[in-house]
Amino acid sequence: MTKCPRCFVTLTPDQYAWTRTVPDAMEVDEIASTYHGSAVRSGPVIELKRPNDAEEDWAPPSGHAEKEAGGDVAEVCPECHYRLPAGWRDAQATCVAMAGARATGKTVYVAVLVKSLHLLGERMSQMVEPATAETEDSYRENYERPLYEERGILEPTPAAHTGNPYQREPLIFSIGIWNGVRQYLVIRDVAGEDLEDPKNVGATSMQFFSRADGVVFMFDPLRVDSVRDQLHDLVPAQERVGGDPKSVLRTVLSIIGTGTPNLAVVLSKFDALQALAHVDGSEWSEIMSQRGAAYSRDPSLQNEPYNEQDGRLLHEEVRSLLDKLEAKAMAMAVEQPHTGVALGSRYFAVSALGESPVGDRLHESGISPFRCLDPVRWVLAQQGVWV
Ligand SMILES: Nc1nc2c(ncn2[C@@H]2O[C@H](COP(=O)(O)OP(=O)(O)O)[C@@H](O)[C@H]2O)c(=O)[nH]1
Ligand SMILES: [Mg+2]
Ligand SMILES: [Zn+2]
C-alpha cells in the first residue's frame, strides 16, 4: 500500500474515488480545499467503499466509475481528492516533508537535492525523473530556474495563504524500480511562516507532517550570534532571517503529534561553518579544521549502499556541533519531545550552495553541494529503497 502524494494518507484497497478527466462543470471542492490550504475547484467526485460482505480480493467493478461519471475518469485520493498519477497504487512512495523557519535554506536545498538525485540515480542505473507534468513545471519554474539559470537566489517561499503558493502541491519524482516495485520520492516544501505560526498546529493542510516517512528539519547556523559574529568579515551577511528554530521545532513536533516519521535534523549552510576554519585562533577554527572528521568529507555521491557507519559518525559529530552552537535545547527537544513520542532521529550537515552567496547573487564559483543527499538517503534506506 502506498500513500497519497498530497495528504500522505495511506491508500487502502477498501476505498476509492474518481473524478472526470475533463469535467463538464467545476465547483469548489471543500475537501480538496481544506487539504490544499486555499480554494480548489474540481468536477464531482465519485466514491466507492468496499461492501461489508465483499470477498477478500474485492476490487472496484470495472467500468463502475466511468458509468457513474458519464465519461473518462482519473483516480483521486479518497481522503483529499488529489489526482493520483497513473499506476500510483501499484507503486511505493517515500514521502518527505521539509521543515524549518524562514530562510533556513529549505527551497534551495530541494533545488539542489533533485540535481544530486539525478546524478546518483545515473550511477546506480536508476532513472530519476519528474512523475507528473505539474512537478516538471513547478520544479523548473520555482526551483531550478531561479537558482541555476538566473544565478540569483530563490524568492522566499510564499506562506500558504498568499499568492502563487507553489509549495502547496507536492513534487513527485520517479526514482526507478527497486525490489521489483516502481519507486517514487515525494517532496513537500513548506513556507517557514506557516511553521512559525503555532496556530497552524491543528490545520488540516499541515497534517501531512504526521504521516510523512521523513521530516527534514533545517537549522541555520547563521542564526547563532557567536557564529555570525565570528564570520563577520568572512561571509557576506544574509538579510533574510527566520524565526526562532526552537519554537518552530516545537510547532513541527506538535503537528506531528502521535505520528512517527523519521526526523532528520539538518545543520544547513554548512559552508558558513566551514568558513570558520579560516578564523585564526578561534575555537571554531580548530573544530572546523579537523581533517579526519566525517563533516570534512562528502561520500554521498558514491554509488554504494547508504553508508550507515558514516551516517552514525556524522550524527555524533553534528550533535556535538549543536552543543557548541548553543543549540543543546534543540537536541533535547528532538530526543525528549514534549509530545512524549520519541521519533527515530538523526543529525546531518549539508551545504546546498557550497559557498556563501554575495548579496543576492550566487558566489562566482557556482554551486558545489556538500552532503545534500544524506538526509534523503537515510529516509529512503528506512524504507528499504536505494540501499
Ligand atoms: N551560505 C549558504 N547560504 C545558503 C545556502 N542555502 C541557502 N542559503 C541562503 O539562505 C537563503 C534562504 O534560502 P531558502 O532556500 O529560500 O530558505 P527557505 O525559506 O528555508 O526555503 C538564500 O537566499 C541563500 O542566501 C547554503 O547552502 N549556504
Ligand atoms: Mg522556501
Ligand atoms: Zn490525499
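Thresholds applied
Residues numbered from 1 in each chain as written. Chains lettered and ligands numbered in written order. Predicted model: local features only at pLDDT ≥ 70, side-chain atom pairs only at ≥ 80, totals over all residues. Heavy atoms only, no water. Axes fitted to C-alpha atoms, helices over the stretch in contact; angles between N-to-C directions. Helix = DSSP H or I, 4+ residues; strand = E, 2+ residues; numbered from the N terminus. Parallel < 35°, antiparallel > 145°, perpendicular 65-115°, else oblique. Contact = heavy atoms within 4.5 Å. Salt bridge = Lys/Arg side-chain N within 4 Å of Asp/Glu carboxyl O. Phe/Tyr/Trp six-rings, centres within 6.5 Å; stacked < 30°, edge-to-face > 60°. Buried < 20%, exposed > 50% of the residue type's maximum accessible area, 1.4 Å probe, protein only. Lys NZ or Arg CZ within 6 Å of the ring centre and 35° of its normal. Patch = residues over 30% accessible without salt bridge, like charges linked within 9 Å, V, L, I, M, F, W, Y side chains within 5 Å. Areas by Shrake-Rupley, 256 points an atom, 1.4 Å probe, with all protein chains shown as cover. Lys, Arg positive; Asp, Glu negative; His and termini not counted. Charge placed at Lys NZ, Arg CZ, Asp CG, Glu CD. Domains from an automatic or database assignment. Buried area = accessible area lost by both parts, 1.4 Å probe. Polar contact = N/O pair within 3.5 Å; in protein donor to acceptor, adjacent residues only side chain to side chain. Nonpolar A, V, L, I, M, F, W, Y, C, P; charged D, E, K, R; others polar. Donors = N, O, S within 2.8 Å, 3.2 Å for Na, K, Ca; no water. Tetrahedral: all angles 85-135°; square planar, octahedral: opposite > 155°, others 65-115°.

Glancing now at the packing of helix 3 (residues 106-123) against helix 4 (residues 133-149). Closest axis-to-axis distance for the helix 3/helix 4 pair is 10 Å, and the angle between their directions is 95°. As far as their axial angle goes, helix 4 and helix 3 are roughly perpendicular. Residue-level contacts link Thr-107, Val-108, Val-110, Ala-111, Val-112, Val-114 and Lys-115 of helix 3 to Tyr-139, Asn-142, Tyr-143, Glu-144, Leu-147 and Tyr-148 of helix 4.

A word on the pattern of salt bridges. If you walk through the whole model with that rule in mind, you get 19 salt bridges. One salt bridge connects Asp-14 with Arg-50, and the closest N-O pair in it is separated by 2.7 Å. Residue Asp-14 is located in the segment before strand 1 (15-20), and its partner Arg-50 is located in the loop between strand 4 (45-49) and helix 2 (64-69); the two are separated by 36 residues in the primary sequence. With a shortest N-O distance of 2.9 Å, Lys-269 and Asp-220 are connected by a salt bridge. Highlighted residues: Lys-269 in the loop between strand 11 (262-267) and helix 9 (270-275) and Asp-220 in the loop between strand 10 (214-219) and helix 7 (225-231), separated in sequence by 49 residues. A single salt-bridge network, built from bridges that share partners, covers Asp-137, Arg-140, Glu-141 and Arg-145.

Throughout the structure, instances matching the rule amount to 11 aromatic pairs. The interplanar angle of 80° and the centroid separation of 5.4 Å between the aromatic rings of Tyr-143 and Tyr-166 together place this pair among those described as edge-to-face. Here Tyr-143 is found in helix 4, whereas its partner Tyr-166 is found in the loop between helix 4 and strand 8 (171-178), with 23 residues between them in sequence. Residues Phe-348 and Trp-378 carry aromatic rings whose centres are separated by 5.7 Å and whose planes lie at 55° to one another, so their mutual orientation is tilted. In this pair, Phe-348 sits in strand 12 (residues 345-349) while Trp-378 sits in helix 13 (residues 374-382), placing the two residues 30 residues apart along the sequence. You'll find Phe-348 and Trp-378 in the same group, each marked buried. Of the aromatic side chains, those joined through ring pairs into one cluster are Tyr-139, Tyr-143, Tyr-166 and Phe-173. Above the ring of Tyr-16, the side-chain terminus of Arg-89 is found at 3.9 Å from the ring centroid. Above the plane of the ring of Phe-208 lies Arg-188, whose end atom (NZ or CZ) is 3.9 Å from the centre.

Together, Asp-53, Glu-55, Glu-56 and Asp-57 line one region of the surface with negative charge. Following the sequence through the fold, Asp-57 ends up in the loop between strand 4 and helix 2. Of the residues examined, Asp-57 reaches a relative accessible area of 66% and is grouped as exposed.

Here the focus is the domain arrangement of the protein. When the parts of a complex come together, some accessible area is lost, and that lost area is often used as the size of the interface. Domains assigned within the protein are domain 1 (15-85) and domain 2 (91-382). Contacts between the two partners involve seven residues from domain 1 and, on the opposite side, nine residues from domain 2. Together domain 1 and domain 2 conceal approximately 810 Å² of surface at their shared face, both sides included; 58% is due to carbon and sulfur atoms. The largest per-residue losses of area from domain 1 upon contact with domain 2 belong to Tyr-35, His-36 and Tyr-82, which jointly make up 62% of the total buried on that side. The tally of links from domain 1 across to domain 2 stands at zero salt bridges. Put simply, domain 1 and domain 2 have two residue pairs in polar contact (both at pLDDT 80 or more) between them. Among the residues forming the side of domain 1 that touches domain 2, the class breakdown is three nonpolar, four polar and no charged.

This next bit is on the coordination of the zinc ion (ligand 3). In this structure, Cys-4 (SG), Cys-7 (SG), Cys-77 (SG) and Cys-80 (SG) serve as the protein donors to the zinc ion (ligand 3), at separations of 2.3 to 2.4 Å. If you look at the zinc ion (ligand 3), its four donor atoms make angles of 104 to 115° with each other, and the shape they trace is tetrahedral. Each donor residue of the zinc ion (ligand 3) belongs to the same chain, with the gaps between them written as C-x2-C-x69-C-x2-C. With a gap of 73 residues between them, Cys-7 in the segment before strand 1 and Cys-80 in the loop between strand 5 (73-76) and strand 6 (92-100) connect regions that are remote in the sequence. Accessibility expressed as a relative area gives 1% for Cys-7, which makes it buried.

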